[in-house]
Amino acid sequence: MDPSKVSIFKTYDKPKGQGGSGSFATFMIIGPVCFFLGMLFSSFPYDYPLLWTSEITPDAYYDQLETHLKFLHASPPIIPRILHIAISIGFIGFFIKLFKPSEANLLFDGASLVLYVIGVVVYITNIVKGLRIVTLGMYGVPEGSTEVAIGREDSLRVMAASNTILALVLVGVLVLQAGQWYAERKEQDEITKFEKEQGEKTIAKGQKNGGHVTRASSKKKQ
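Colleague: Please clarify how the overall build of the protein chain should be interpreted in this entry.
Modeller: On a plain count of helices and strands, the protein chain comes out with six helices and zero strands. Counted from the first residue to the last, the protein chain has its helices and strands arranged as α-α-α-α-α-α. Buried residues in the protein chain amount to 28% of all 222 residues. Intrachain contacts of the protein chain at a sequence separation of at least 6 include 79% that bridge at least 24 residues. Just so you have it, the protein chain exposes about 15,000 Å², and 65% of that area is on carbon and sulfur atoms.

Spelled out as structure tokens, the structure:
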């Protein structure tokens with residue numbers, strides 16, 4: 001039974017190099033993801049004292065971190081625009097690869113898109129919102145009746161944890177893209193091996209039939 005008929009989503013057999021791990025759309029995904037990971041790595045020295053050490057964080061450090069986050073939030077409009085353009089490039093790459101998808105596109109690119117969306121949600125709900133709270137200095141003030149108010153230290157720790165979660169999600173996207181490349185490479189090696197074996201069998205069968213024809217013609221001459 002054809003797996004494409006059993007699947008909920010219709011799949012297509014794409015030509016080699018189209019929509020696969022070596023396509024330009026893949027680089028449209030990997031490029032922004034690596035760009036975001038670089039940004040998160042630059043924030044790691046600020047997040048390390050909040051999450052990754054058992055030593056008591058001095059109050060002066062929170063003041064320095066607040067100053068850094070306020071400066072980051074007050075950056076010129078061109079900075080967030082470049083960031084949003086990079087996010088859009090990643091989505092465009094996913095949409096290109098998932099147009100008339102193959103089975104590999106549904107498995108690897110579909111899961112990568114889910115992780116990418118999760119990363120965008122974390123960015124909007126935690127990081128952007130946290131930057132606004134730090135800029136306004138409105139710690140401990142719930143924005144709605146269903147939200148729990150947290151203090152300054154916990155708010156900064158939540159932002160640091162959000163950076164870590166976002167980094168793990170983006171690494172997951174890279175792992176899935178690398179997995180797609182590996183799966184396609186193994187599939188191509190198996191196809192090449194199968195075609196080689198079939199060619200050898202065809203040559204051997206042709207030589208065998210040629211030997212029978214030669215023997216038959218020699219008997220007729222006798």
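Alright, that's what it looks like, and here's the rest.
Colleague: How should I be thinking about a negative patch on the surface in this particular structure?
Modeller: Where like charges cluster on the molecular surface, the negative patch consists of Glu103, Glu187, Asp189 and Glu190. In terms of residues, the negative patch owes the most to one element, helix H6 (residues 152–221), which gives three residues. You can see Glu187 is positioned in helix H6.

Colleague: How should I be thinking about the layout of surface pockets in this particular structure?
Modeller: To find leftover empty space, a probe the size of one water molecule is rolled over the atoms. There is about 880 Å³ of room inside the largest pocket. Taken together, 33 residues make up the lining of the largest pocket; nearest its centre are Met39, Leu72, Leu83, Tyr123 and Ile127. Looking at the lining of the largest pocket, the elements with two or more residues in it are helix H2 (24–51), helix H3 (59–73), helix H4 (78–97), helix H5 (103–136) and H6. For the lining of the largest pocket, the leading source of residues is H2, giving eight residues. Its residues placed into classes, the lining of the largest pocket shows 24 nonpolar, eight polar and one charged.

Colleague: Is there a simple way to think about the side chain of Ser162 in this case?
Modeller: Secondary-structure assignment places Ser162 in helix H6. A polar side-chain atom of Ser162 sits 2.9 Å from a polar atom in the side chain of Asn126. Setting aside anything within four residues of it in sequence, one finds Ser162 in contact with Val122, Asn126 and Ile127.

Colleague: Teacher, can you tell me more about the packing of H2 against H4 here?
Modeller: How two helices pack is summed up by the angle between their axes together with the distance between the axes. Closest axis-to-axis distance for the H2/H4 pair is 7 Å, and the angle between their directions is 145°. Between H2 and H4 lies a crossing of left-handed hand. Across the interface between the two elements, Ala25, Thr26, Met28, Ile29, Pro32, Phe35, Phe36 and Met39 of H2 pack against Leu83, Ala86, Ile87, Ile89, Gly90, Ile92, Gly93, Phe94, Ile96 and Lys97 of H4. Class assignment of the residues belonging to the contact of H2 with H4 gives a composition of 14 nonpolar, three polar and one charged.

Colleague: Just checking my understanding: could you explain a nonpolar patch on the surface for this structure?
Modeller: Nonpolar side chains collect at one region of the surface, where Phe35, Met39, Ile78, Ile79 and Ile82 lie side by side and expose about 440 Å² of accessible area between them. For the nonpolar patch, the secondary structure elements donating two or more residues are H2 and H4. No other element matches H4, which puts three residues into the nonpolar patch. Position of Ile79 among the secondary structure elements: in helix H4. Judged by its relative accessible area of 46%, Ile79 falls in the partly exposed class.

About the cut-offs
Residues numbered from 1 in each chain as written. Predicted model: local features only at pLDDT ≥ 70, side-chain atom pairs only at ≥ 80, totals over all residues. Heavy atoms only, no water. Helix = DSSP H or I, 4+ residues; strand = E, 2+ residues; numbered from the N terminus. Buried < 20%, exposed > 50% of the residue type's maximum accessible area, 1.4 Å probe, protein only. Contact = heavy atoms within 4.5 Å. Areas by Shrake-Rupley, 256 points an atom, 1.4 Å probe, with all protein chains shown as cover. Patch = residues over 30% accessible without salt bridge, like charges linked within 9 Å, V, L, I, M, F, W, Y side chains within 5 Å. Salt bridge = Lys/Arg side-chain N within 4 Å of Asp/Glu carboxyl O. Lys, Arg positive; Asp, Glu negative; His and termini not counted. Charge placed at Lys NZ, Arg CZ, Asp CG, Glu CD. 1 Å grid on protein atoms, 1.4 Å probe; cavity = no way out; pocket = protein on both sides within 12 Å on 5 of 7 lines; lining within 4 Å. Points joined across faces, edges and corners; volume = space filled by probe spheres on them. Nonpolar A, V, L, I, M, F, W, Y, C, P; charged D, E, K, R; others polar. Polar contact = N/O pair within 3.5 Å; in protein donor to acceptor, adjacent residues only side chain to side chain. Axes fitted to C-alpha atoms, helices over the stretch in contact; angles between N-to-C directions. Left-handed = near helix turned anticlockwise from the far one by under 90°.

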